[in-house]
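Overview (structure and organization)
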Amino acid sequence: MENGGTSSFPRFRRLECCFNASSRLGVKETPKIPAKELGSKLKANMYLDEEGWGSVLLSWIRVVICFATMMVTTFVWALIMLALIPWPYERIRQGNIYGHITGRLMMWILGNPTKIQGAEFSSKRAIYISNHASPLDIFLIMWLTPTGTVGIAKKEIIWYPLFGQLYVLANHLRIDRSNPTAAIESMKQAARAIVENNLSLIIFPEGTRSKNGRLLPFKKGFVHLALQSGLPIVPMVLTGTHLAWKKGSLNVRPAPLTVRYLPPISTNDWTADKIDDYIKMIHDLYVKHLPESQRPPVVED
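- As annotated in an unreviewed UniProt entry, the protein chain carries the name 1-acyl-sn-glycerol-3-phosphate acyltransferase and is attributed to Carya illinoinensis.
- A UniProt comment under Catalytic activity (unreviewed entry) is attached to the protein chain, and it reads "a 1-acyl-sn-glycero-3-phosphate + an acyl-CoA = a 1,2-diacyl-sn-glycero-3-phosphate + CoA".
- On record in UniProt, under Sequence similarities (unreviewed entry), the comment for the protein chain is "Belongs to the 1-acyl-sn-glycerol-3-phosphate acyltransferase family."

Take a look at the structure:
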(Lines give C-alpha, C1' and ligand atoms only; values in the text may rest on other atoms or scores of the structure.)
Protein backbone atom coordinates (compact mmCIF):
# COMPACT_ATOMS: atom_id res chain seq x y z
CA MET A 1 0.00 0.00 0.00
CA GLU A 2 1.48 3.38 -0.99
CA ASN A 3 1.96 6.19 1.49
CA GLY A 4 -0.18 9.28 1.01
CA GLY A 5 2.89 11.51 1.42
CA THR A 6 6.08 12.10 3.34
CA SER A 7 6.12 12.01 7.11
CA SER A 8 9.52 13.62 7.79
CA PHE A 9 9.64 16.18 10.60
CA PRO A 10 11.83 19.26 11.30
CA ARG A 11 14.82 18.40 13.44
CA PHE A 12 15.03 21.57 15.59
CA ARG A 13 18.84 21.52 15.58
CA ARG A 14 19.17 25.00 17.11
CA LEU A 15 17.10 24.07 20.12
CA GLU A 16 19.07 20.89 20.68
CA CYS A 17 22.31 22.91 20.58
CA CYS A 18 20.97 25.25 23.27
CA PHE A 19 20.26 22.32 25.57
CA ASN A 20 23.75 20.93 24.99
CA ALA A 21 25.39 24.31 25.54
CA SER A 22 23.62 24.90 28.86
CA SER A 23 24.94 21.66 30.26
CA ARG A 24 28.54 22.56 29.29
CA LEU A 25 28.35 25.98 30.99
CA GLY A 26 27.68 24.44 34.38
CA VAL A 27 24.04 25.38 34.64
CA LYS A 28 22.17 23.30 37.20
CA GLU A 29 21.33 20.03 35.52
CA THR A 30 17.70 19.38 34.77
CA PRO A 31 16.12 16.00 34.17
CA LYS A 32 16.94 14.76 30.69
CA ILE A 33 14.06 14.31 28.28
CA PRO A 34 14.52 11.59 25.67
CA ALA A 35 15.08 13.09 22.23
CA LYS A 36 12.10 11.21 20.78
CA GLU A 37 9.73 12.49 23.49
CA LEU A 38 11.09 16.05 23.22
CA GLY A 39 10.59 16.03 19.46
CA SER A 40 7.03 14.79 19.89
CA LYS A 41 6.18 17.60 22.33
CA LEU A 42 7.75 20.28 20.14
CA LYS A 43 5.87 19.04 17.07
CA ALA A 44 2.60 18.99 19.01
CA ASN A 45 3.11 22.61 20.12
CA MET A 46 4.05 23.65 16.60
CA TYR A 47 0.78 22.36 15.08
CA LEU A 48 -1.41 23.49 17.98
CA ASP A 49 -0.02 27.03 17.71
CA GLU A 50 -0.60 27.31 13.98
CA GLU A 51 -3.61 29.67 14.13
CA GLY A 52 -2.62 32.42 11.69
CA TRP A 53 -5.54 33.83 9.69
CA GLY A 54 -3.95 32.71 6.42
CA SER A 55 -3.66 29.08 7.47
CA VAL A 56 -7.17 29.12 8.99
CA LEU A 57 -8.67 30.55 5.78
CA LEU A 58 -6.86 27.97 3.65
CA SER A 59 -8.11 25.24 5.97
CA TRP A 60 -11.71 26.41 5.70
CA ILE A 61 -11.47 26.44 1.90
CA ARG A 62 -10.13 22.89 1.96
CA VAL A 63 -12.87 21.73 4.32
CA VAL A 64 -15.58 23.26 2.08
CA ILE A 65 -14.07 21.60 -1.01
CA CYS A 66 -13.74 18.37 0.95
CA PHE A 67 -17.40 18.20 1.91
CA ALA A 68 -18.63 19.40 -1.49
CA THR A 69 -16.64 16.56 -3.07
CA MET A 70 -18.05 14.14 -0.53
CA MET A 71 -21.61 15.19 -1.33
CA VAL A 72 -20.99 14.54 -5.03
CA THR A 73 -19.46 11.08 -4.54
CA THR A 74 -22.13 10.19 -1.98
CA PHE A 75 -24.93 11.16 -4.37
CA VAL A 76 -23.37 9.13 -7.21
CA TRP A 77 -22.97 6.02 -5.05
CA ALA A 78 -26.46 6.42 -3.60
CA LEU A 79 -27.81 5.99 -7.12
CA ILE A 80 -25.62 2.91 -7.57
CA MET A 81 -26.87 1.47 -4.26
CA LEU A 82 -30.50 2.00 -5.21
CA ALA A 83 -29.92 0.03 -8.39
CA LEU A 84 -28.39 -2.78 -6.28
CA ILE A 85 -31.20 -3.10 -3.72
CA PRO A 86 -31.77 -6.82 -4.50
CA TRP A 87 -28.07 -7.65 -3.96
CA PRO A 88 -27.04 -6.81 -0.36
CA TYR A 89 -23.48 -8.17 -0.56
CA GLU A 90 -22.78 -6.18 -3.70
CA ARG A 91 -24.00 -3.08 -1.87
CA ILE A 92 -21.45 -3.76 0.88
CA ARG A 93 -18.73 -4.10 -1.73
CA GLN A 94 -19.78 -0.89 -3.48
CA GLY A 95 -19.90 0.87 -0.11
CA ASN A 96 -16.27 -0.11 0.45
CA ILE A 97 -15.28 1.09 -3.02
CA TYR A 98 -17.06 4.39 -2.26
CA GLY A 99 -15.07 4.62 0.98
CA HIS A 100 -11.73 3.88 -0.68
CA ILE A 101 -12.28 6.58 -3.30
CA THR A 102 -13.94 9.20 -1.09
CA GLY A 103 -11.67 8.68 1.92
CA ARG A 104 -8.55 8.95 -0.22
CA LEU A 105 -9.90 12.06 -1.94
CA MET A 106 -10.64 13.70 1.41
CA MET A 107 -7.11 13.09 2.68
CA TRP A 108 -5.63 14.40 -0.57
CA ILE A 109 -7.71 17.58 -0.44
CA LEU A 110 -6.93 18.23 3.22
CA GLY A 111 -3.21 17.74 2.53
CA ASN A 112 -2.10 15.77 5.59
CA PRO A 113 0.94 13.59 4.78
CA THR A 114 0.05 10.05 5.83
CA LYS A 115 2.47 7.24 6.62
CA ILE A 116 1.11 3.68 6.61
CA GLN A 117 2.90 0.92 8.51
CA GLY A 118 2.14 -2.79 8.71
CA ALA A 119 0.18 -2.75 5.44
CA GLU A 120 0.71 -6.51 5.13
CA PHE A 121 -1.96 -6.94 7.84
CA SER A 122 -4.50 -4.68 6.10
CA SER A 123 -6.20 -7.17 3.79
CA LYS A 124 -6.96 -10.06 6.13
CA ARG A 125 -10.49 -11.03 7.11
CA ALA A 126 -10.71 -9.77 10.68
CA ILE A 127 -12.29 -7.45 13.19
CA TYR A 128 -10.45 -4.16 12.68
CA ILE A 129 -10.41 -1.79 15.63
CA SER A 130 -9.13 1.77 15.82
CA ASN A 131 -8.67 4.56 18.33
CA HIS A 132 -10.81 7.63 17.59
CA ALA A 133 -9.85 11.24 18.27
CA SER A 134 -10.69 13.24 15.15
CA PRO A 135 -13.06 13.46 12.15
CA LEU A 136 -10.02 12.49 10.08
CA ASP A 137 -10.23 9.00 11.56
CA ILE A 138 -13.45 8.42 9.61
CA PHE A 139 -11.79 9.31 6.30
CA LEU A 140 -8.77 7.12 7.07
CA ILE A 141 -10.97 4.16 8.02
CA MET A 142 -13.08 4.59 4.86
CA TRP A 143 -9.93 4.65 2.75
CA LEU A 144 -7.94 1.87 4.38
CA THR A 145 -10.31 -0.92 5.45
CA PRO A 146 -10.47 -3.80 2.94
CA THR A 147 -13.30 -4.54 0.56
CA GLY A 148 -15.85 -6.78 2.24
CA THR A 149 -15.87 -4.82 5.52
CA VAL A 150 -18.94 -3.57 7.37
CA GLY A 151 -19.02 -0.96 10.09
CA ILE A 152 -21.10 -0.49 13.23
CA ALA A 153 -22.42 2.97 14.06
CA LYS A 154 -25.05 4.53 16.29
CA LYS A 155 -28.57 4.33 14.88
CA GLU A 156 -28.80 8.15 14.60
CA ILE A 157 -26.36 8.07 11.65
CA ILE A 158 -29.36 7.69 9.34
CA TRP A 159 -30.18 11.37 9.92
CA TYR A 160 -26.83 12.57 8.52
CA PRO A 161 -27.68 14.14 5.11
CA LEU A 162 -26.87 11.78 2.22
CA PHE A 163 -24.00 10.05 4.06
CA GLY A 164 -26.32 8.47 6.63
CA GLN A 165 -28.71 7.19 3.99
CA LEU A 166 -25.79 5.79 1.99
CA TYR A 167 -24.51 4.06 5.12
CA VAL A 168 -27.82 2.23 5.46
CA LEU A 169 -28.01 1.46 1.73
CA ALA A 170 -24.50 -0.02 1.93
CA ASN A 171 -25.89 -2.57 4.38
CA HIS A 172 -23.72 -1.47 7.30
CA LEU A 173 -24.88 -2.11 10.85
CA ARG A 174 -26.43 0.21 13.43
CA ILE A 175 -26.95 -0.14 17.17
CA ASP A 176 -29.16 1.62 19.69
CA ARG A 177 -26.64 2.72 22.31
CA SER A 178 -29.39 4.08 24.56
CA ASN A 179 -30.92 0.62 24.95
CA PRO A 180 -28.45 -1.99 26.34
CA THR A 181 -30.74 -4.93 25.52
CA ALA A 182 -31.23 -3.79 21.93
CA ALA A 183 -27.49 -3.08 21.61
CA ILE A 184 -26.60 -6.61 22.71
CA GLU A 185 -29.06 -8.08 20.21
CA SER A 186 -27.59 -5.86 17.49
CA MET A 187 -24.13 -7.19 18.30
CA LYS A 188 -25.37 -10.77 17.99
CA GLN A 189 -26.95 -9.98 14.62
CA ALA A 190 -23.70 -8.32 13.51
CA ALA A 191 -21.70 -11.42 14.45
CA ARG A 192 -24.09 -13.66 12.52
CA ALA A 193 -23.93 -11.37 9.48
CA ILE A 194 -20.15 -11.29 9.27
CA VAL A 195 -19.89 -15.07 9.71
CA GLU A 196 -22.61 -15.96 7.20
CA ASN A 197 -21.32 -13.55 4.55
CA ASN A 198 -17.54 -13.94 5.14
CA LEU A 199 -17.17 -10.26 6.02
CA SER A 200 -14.72 -8.22 8.04
CA LEU A 201 -15.79 -5.61 10.59
CA ILE A 202 -14.50 -2.20 11.63
CA ILE A 203 -15.34 -0.73 15.03
CA PHE A 204 -14.09 1.99 17.40
CA PRO A 205 -13.71 0.16 20.74
CA GLU A 206 -13.80 3.41 22.75
CA GLY A 207 -17.41 3.83 21.67
CA THR A 208 -17.03 7.59 21.17
CA ARG A 209 -14.50 10.15 20.04
CA SER A 210 -11.82 11.32 22.44
CA LYS A 211 -12.00 15.09 23.00
CA ASN A 212 -8.28 15.59 23.63
CA GLY A 213 -6.70 12.75 21.68
CA ARG A 214 -5.99 10.62 24.74
CA LEU A 215 -7.09 7.00 24.60
CA LEU A 216 -10.38 6.29 26.38
CA PRO A 217 -11.40 3.00 28.09
CA PHE A 218 -12.58 0.28 25.71
CA LYS A 219 -16.15 -1.02 25.61
CA LYS A 220 -16.78 -4.78 25.56
CA GLY A 221 -18.63 -5.00 22.26
CA PHE A 222 -15.66 -5.84 20.03
CA VAL A 223 -14.64 -8.71 22.31
CA HIS A 224 -18.17 -10.16 22.23
CA LEU A 225 -18.05 -9.96 18.44
CA ALA A 226 -14.70 -11.76 18.40
CA LEU A 227 -16.03 -14.50 20.69
CA GLN A 228 -19.09 -15.06 18.51
CA SER A 229 -17.35 -14.84 15.13
CA GLY A 230 -13.97 -16.41 15.92
CA LEU A 231 -12.27 -13.73 13.79
CA PRO A 232 -8.85 -12.35 14.72
CA ILE A 233 -8.53 -8.75 15.85
CA VAL A 234 -6.32 -6.35 13.89
CA PRO A 235 -5.58 -3.13 15.84
CA MET A 236 -5.16 0.04 13.78
CA VAL A 237 -3.20 2.66 15.72
CA LEU A 238 -3.86 6.21 14.47
CA THR A 239 -1.47 8.94 15.60
CA GLY A 240 -1.47 12.67 14.90
CA THR A 241 -5.12 13.04 13.88
CA HIS A 242 -5.98 14.86 17.13
CA LEU A 243 -3.35 17.50 16.25
CA ALA A 244 -4.55 17.82 12.67
CA TRP A 245 -8.28 18.31 13.29
CA LYS A 246 -9.59 19.01 16.76
CA LYS A 247 -13.19 18.29 17.70
CA GLY A 248 -15.51 21.26 17.07
CA SER A 249 -13.00 23.09 14.85
CA LEU A 250 -12.85 23.71 11.10
CA ASN A 251 -9.11 24.38 11.16
CA VAL A 252 -7.29 21.36 9.74
CA ARG A 253 -3.56 21.70 10.42
CA PRO A 254 -0.90 20.05 8.21
CA ALA A 255 0.21 17.65 10.93
CA PRO A 256 1.70 14.37 9.66
CA LEU A 257 -0.42 11.29 10.37
CA THR A 258 0.52 7.66 10.91
CA VAL A 259 -1.68 4.59 10.52
CA ARG A 260 -0.06 1.48 11.93
CA TYR A 261 -1.59 -1.97 11.57
CA LEU A 262 -0.50 -4.34 14.33
CA PRO A 263 -0.26 -8.11 13.73
CA PRO A 264 -3.58 -10.02 13.99
CA ILE A 265 -4.50 -11.23 17.47
CA SER A 266 -5.97 -14.74 17.39
CA THR A 267 -9.20 -15.19 19.33
CA ASN A 268 -9.67 -18.94 18.74
CA ASP A 269 -8.99 -19.85 22.36
CA TRP A 270 -10.78 -16.89 23.96
CA THR A 271 -13.43 -17.64 26.56
CA ALA A 272 -16.32 -15.52 27.89
CA ASP A 273 -15.04 -15.58 31.48
CA LYS A 274 -11.92 -13.56 30.55
CA ILE A 275 -13.47 -10.67 28.65
CA ASP A 276 -12.03 -8.03 30.98
CA ASP A 277 -8.55 -9.54 30.60
CA TYR A 278 -8.74 -9.37 26.81
CA ILE A 279 -9.91 -5.76 26.91
CA LYS A 280 -7.03 -4.79 29.20
CA MET A 281 -4.50 -6.65 27.03
CA ILE A 282 -5.52 -4.84 23.86
CA HIS A 283 -5.92 -1.48 25.59
CA ASP A 284 -2.38 -1.88 26.98
CA LEU A 285 -1.18 -2.67 23.46
CA TYR A 286 -2.55 0.67 22.26
CA VAL A 287 -0.95 2.49 25.18
CA LYS A 288 2.38 0.92 24.23
CA HIS A 289 2.19 2.04 20.59
CA LEU A 290 0.70 5.52 21.07
CA PRO A 291 2.85 8.60 21.73
CA GLU A 292 2.76 10.09 25.23
CA SER A 293 0.36 12.84 24.13
CA GLN A 294 -2.27 10.23 23.22
CA ARG A 295 -1.92 7.89 26.17
CA PRO A 296 -4.48 7.96 28.98
CA PRO A 297 -3.56 10.33 31.82
CA VAL A 298 -1.73 8.67 34.67
CA VAL A 299 -3.98 8.35 37.72
CA GLU A 300 -2.02 8.77 40.93
CA ASP A 301 -3.01 6.84 44.04
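Next, the rest of the story.
Points about the UniProt feature "transmembrane region" (unreviewed entry) in the protein chain
- The feature "transmembrane region" (unreviewed entry), as annotated in UniProt, sits at residues 60–85 in this numbering.
- End C-alpha to end C-alpha, residues 60–85 measures 37 Å, and it is 92% helix and 0% strand.

Details of helix H3 (residues 53–83)
- Counted at 1.5 Å a residue, the expected span for H3 with its 31 residues is 45 Å, and the 45 Å between its end C-alpha atoms agrees.
- For H3, the set of buried residues is Val 56, Ser 59, Val 63, Cys 66, Thr 69, Met 70, Thr 73, Thr 74, Trp 77, Ala 78 and Met 81.
- Turning to H3, the residues buried within the fold contact helix H4 (88–110), helix H5 (136–144) and helix H6 (163–169).

Topic: the packing of H3 against H4
- Viewed as axis vectors pointing N to C, H3 and H4 meet at an angle of 165°, and their least axial separation amounts to 10 Å. With respect to each other, H3 and H4 are oriented roughly antiparallel. Viewed along their axes, H3 and H4 form a crossing whose handedness is right-handed. When H3 is examined against H4, the residues Arg 62, Val 63, Ile 65, Cys 66, Thr 69, Met 70, Thr 73, Thr 74, Trp 77, Ile 80 and Met 81 are found in contact with a partner set consisting of Arg 91, Gln 94, Gly 95, Ile 97, Tyr 98, Ile 101, Thr 102, Leu 105, Met 106, Ile 109 and Leu 110.

Some thoughts on the pattern of salt bridges
- Counted by the stated rule, this structure contains four salt bridges.
- Here Glu 292 makes a salt bridge to Arg 214, at a shortest N to O gap of 3.8 Å. With Glu 292 in the segment after helix H10 (275–289) and Arg 214 in the loop between strand E5 (200–203) and helix H8 (221–229), this residue pair connects regions lying 78 residues apart in the sequence.
- Taking the relative accessible area as the measure of exposure, Glu 292 reaches 37% and is therefore partly exposed.

Examining the environment of Gly 111
- One can find Gly 111 in the loop between H4 and strand E1 (114–117).
- As a C-alpha pair, Gly 111 and Arg 62 span 49 residues in sequence and 8.6 Å in three-dimensional space.

Regarding the nonpolar core
- Judged by nonpolar contacts, the single largest core of 42 residues is most densely connected at Leu 110, Leu 136, Phe 139, Met 236 and Tyr 261.
- Looking at this core, the elements with two or more residues in it are H3, H4, H5, H6, strand E6 (233–239), helix H9 (241–244) and strand E7 (257–261).
- No other element matches the seven residues that H5 contributes to this core.
- In this structure Phe 139 touches Cys 66, Phe 67, Met 70, Gly 103, Met 106, Met 107, Leu 110 and Trp 245, once residues within four positions along its chain are discounted.
- Counting 32 residues, the second largest nonpolar core, distinct from the first, contains Val 150, Ile 203, Phe 218 and Ile 279.

Notes on H4
- End to end, H4 covers 32 Å across 23 residues, agreeing with the expected 33 Å (1.5 Å per residue, within 8%).
- Where H4 ends, the next residue or the one after it, Gly 111, has phi of about 80°, a positive value.

Let's talk about a nonpolar patch on the surface
- Together, Val 72, Phe 75, Val 76, Leu 79, Leu 82 and Ile 85 give the surface a local cluster of nonpolar side chains, amounting to about 550 Å² of exposed area.
- Following the sequence through the fold, Leu 79 ends up in helix H3.

Topic: a positive patch on the surface
- Judged by side-chain charge, Lys 154, Arg 177, Lys 211, Lys 219 and Lys 247 come together as a positively charged surface patch.
- Within the element layout of this structure, Lys 211 appears in the loop between E5 and H8.
- Taking relative accessible area as the criterion, Lys 211 reaches 73% and is therefore assigned exposed.

Digging into the sheet that holds E5
- If you walk across this open sheet you meet the seven strands as E1-E7-E6-E2-E5-E3-E4, and the pairing is mixed. Every interior strand has two partners, whereas the edge strands, E1 and strand E4 (173–175), have only one. Mean inter-strand twist for the sheet, computed between neighbouring axes without regard to direction, equals 20°.
- Sheet analysis places E1 next to E7, joined by four bridges and oriented parallel. Of the residues in E7, the one forming a bridge with Ile 116 is Val 259.
- Along the sheet, H10 makes contact with strand E2 (127–130), E6 and E7, crossing E6 at roughly 35°.

Criteria and cut-off values
- Residues numbered from 1 in each chain as written.
- Predicted model: local features only at pLDDT ≥ 70, side-chain atom pairs only at ≥ 80, totals over all residues.
- Heavy atoms only, no water.
- UniProt positions renumbered as here; feature names shortened; annotations may be inferred.
- Helix = DSSP H or I, 4+ residues; strand = E, 2+ residues; numbered from the N terminus.
- Expected span 1.5 Å × (residues − 1).
- Buried < 20%, exposed > 50% of the residue type's maximum accessible area, 1.4 Å probe, protein only.
- Contact = heavy atoms within 4.5 Å.
- Axes fitted to C-alpha atoms, helices over the stretch in contact; angles between N-to-C directions.
- Parallel < 35°, antiparallel > 145°, perpendicular 65-115°, else oblique.
- Left-handed = near helix turned anticlockwise from the far one by under 90°.
- Salt bridge = Lys/Arg side-chain N within 4 Å of Asp/Glu carboxyl O.
- Core = buried A, V, L, I, M, F, W, Y, C linked by side-chain atoms within 4.5 Å.
- Patch = residues over 30% accessible without salt bridge, like charges linked within 9 Å, V, L, I, M, F, W, Y side chains within 5 Å.
- Areas by Shrake-Rupley, 256 points an atom, 1.4 Å probe, with all protein chains shown as cover.
- Lys, Arg positive; Asp, Glu negative; His and termini not counted.
- Charge placed at Lys NZ, Arg CZ, Asp CG, Glu CD.
- Pairing = 2+ DSSP bridges.

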